[in-house]
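The chain contents come next:
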Amino acid sequence: GPTQEVYSIDESFIGLQGVRGDLTKRCQDIRNRINQWVRIPCGVGIGQTITYTITLDIPDAAAGYDTYPYYVKDVASKGLTVNKDFAAKIGDKDMSFTYVTEPTVDNDSGKTTTVLKFDLAGKSGQLVITYTAVVNKDIISAGNQVSNTAEVSRDNENWTPPVVFEAYTGEFAFHKYGVGANGLAGATFNVFEGSKAEGTPLKFVKLSDGEYRLAEADENGSSANVVSTTGNVFIKGLKSGEYTLKE
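In this text, all values refer to a predicted model and were calculated from it rather than measured experimentally.

Caption draft 1: Seen up close, the overall build of the protein chain. From N to C terminus, the protein chain includes one helix and 18 strands. In the protein chain, which comprises 247 residues, the proportion classed as buried is 36%. Considering only residue pairs separated by 6 or more positions, the protein chain has 65% of its internal contacts joining residues 24 or more positions apart. Just so you have it, the protein chain exposes about 14,200 Å², and 48% of that area is on carbon and sulfur atoms.

Right, dumping it as structure tokens:
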């Protein structure tokens, strides 16, 4: 891919914008090659990514302490698969932390909780935390709205009231006209992220005739083709942004 971020000794994130060909097959080839060369099984995922930023004011009291434990709890809503790629900065300097709770999904609510621990002794200004999450198929039942909440604590027990950050995923519909005002059935389209029909088209799962949602990585039955039936096409589960259709 054109960009790469090495996260750890055995994890990496690769940007695939503009990469041509079948991305699912490329990822399967990477997985098979790693297993063949070093005999280590691995997982590969593809999806639309939302970046979250949490900005917190460091308490003035932290500057006068030798140790100042500071916990941050993030809860991401159903419809998001949270990556373990949290990063933190104070100004332009990286800030170290430990995971008290790695991204953990609650099976009942579908929410993902992560807890980080910092030592802010002698620090001042703002603590800025970023992480990414991939939109998954549960976004449809979540009403195309995803959010995360942030809370802070000095002892990992007593938490401040949560601050909510919201983001919306998009959906759009269009109508393909045939002769006169009649809808044209059977027209096939590809959807590309961005302002040009370049790279690899997104893949979708058919919900009903003319209705599709964004597919998850390696999801069975997914296809890059969306097909009109009575001329109408309705597409759900996209992150907010610009898209280009190609017939």
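Caption draft 2: Quick peek at the packing of aromatic side chains. Considering all chains together, one arrives at six aromatic pairs under this definition. Measuring from centroid to centroid gives 5.5 Å for Tyr52 and Tyr131, while their planes differ by 25°, and the two rings are stacked. Here Tyr52 is found in strand S3 (residues 49-57), whereas its partner Tyr131 is found in strand S10 (residues 126-135), with 79 residues between them in sequence. Per residue, the accessibility class of Tyr52 equals that of Tyr131, and both read buried. With a centroid separation of 5.4 Å and 45° between ring planes, the pair formed by Phe97 and Phe118 is classed as tilted. Of this pair, Phe97 sits in the loop between strand S7 (93-94) and strand S8 (98-105) while Phe118 sits in strand S9 (residues 112-119), and the two are 21 residues apart along the sequence. For Phe97, a relative accessible area of 23% corresponds to the partly exposed category. Through a chain of ring-to-ring contacts, three or more aromatic side chains come together here, namely Tyr52, Phe86, Phe97, Tyr99, Phe118 and Tyr131. Directly above the ring of Tyr99 sits Lys84, whose terminal nitrogen or CZ lies 5.1 Å from the centroid.

Caption draft 3: Region of the structure containing unusual backbone geometry. The phi angle at Asn156 is positive, at roughly 65°, despite the residue not being glycine. Note that Asn156 resides in the loop between strand S11 (145-153) and strand S12 (163-175).

Caption draft 4: Examining the sheet that holds strand S16 (residues 226-227) more closely. If you walk across this open sheet you meet the three strands as S16-S13-S18, and the pairing is antiparallel. In the strand order of this sheet, the two ends are held by S16 and strand S18 (243-246), each with one partner. As defined by bridge partners, strand S13 (residues 188-193) adjoins S18 across four bridges and the pair is classed as antiparallel. The residue bridging Val191 from the neighbouring strand is Leu245, located in S18.

Caption draft 5: Focus on the confidence of the model for the protein chain. Scored by pLDDT, the protein chain comes out at a mean of 81, with 77% of its residues at no less than 70. Model confidence for the protein chain, summarised as mean pLDDT per element, is weakest for strand S1 (residues 3-8) at 61 and strongest for S9 at 96.

Caption draft 6: The arrangement of a nonpolar patch on the surface in detail. Together, Ile30, Ile34, Trp37, Val38 and Ile40 give the surface a local cluster of nonpolar side chains, amounting to about 510 Å² of exposed area. On the secondary structure map, Ile34 appears in helix H1 (residues 23-38).

Caption draft 7: Summary view of the pattern of salt bridges. For the structure on display, the rule yields three salt bridges. Ionic pairing is found between Lys89 and Asp94, a salt bridge with its closest N-O pair at 2.6 Å. Asp94 sits in the exposed class, given a relative accessible area of 62%.

Caption draft 8: Summary view of the nonpolar core. If you look at the biggest cluster of nonpolar residues, it comprises 28 residues, and the most contacted ones within it are Tyr70, Phe118, Leu120, Leu127 and Ile129. Looking at this core, the elements with two or more residues in it are S3, strand S4 (69-76), strand S5 (80-82), strand S6 (87-90), S9, S10 and S11. Beyond its immediate sequence surroundings of up to four residues, Phe118 is in contact with Tyr68, Pro69, Tyr70, Val72, Ala88, Met95, Ser96, Phe97, Leu127 and Ile129.

Caption draft 9: Molecular detail of the side chain of Glu151. Structurally, the position occupied by Glu151 is in strand S11. Although Glu151 lies buried, it forms no salt bridge, and the closest oppositely charged side chain, Lys73, sits 4.4 Å away as judged by the N-O distance. Once residues within four sequence positions are removed from consideration, Glu151 is found in contact with Tyr71, Val72, Lys73, Trp159, Thr160 and Pro162.

Rules of the game
Residues numbered from 1 in each chain as written. Predicted model: local features only at pLDDT ≥ 70, side-chain atom pairs only at ≥ 80, totals over all residues. Heavy atoms only, no water. Helix = DSSP H or I, 4+ residues; strand = E, 2+ residues; numbered from the N terminus. Buried < 20%, exposed > 50% of the residue type's maximum accessible area, 1.4 Å probe, protein only. Contact = heavy atoms within 4.5 Å. Areas by Shrake-Rupley, 256 points an atom, 1.4 Å probe, with all protein chains shown as cover. Phe/Tyr/Trp six-rings, centres within 6.5 Å; stacked < 30°, edge-to-face > 60°. Lys NZ or Arg CZ within 6 Å of the ring centre and 35° of its normal. Pairing = 2+ DSSP bridges. pLDDT = per-residue confidence, 0-100. Patch = residues over 30% accessible without salt bridge, like charges linked within 9 Å, V, L, I, M, F, W, Y side chains within 5 Å. Salt bridge = Lys/Arg side-chain N within 4 Å of Asp/Glu carboxyl O. Core = buried A, V, L, I, M, F, W, Y, C linked by side-chain atoms within 4.5 Å. Lys, Arg positive; Asp, Glu negative; His and termini not counted.

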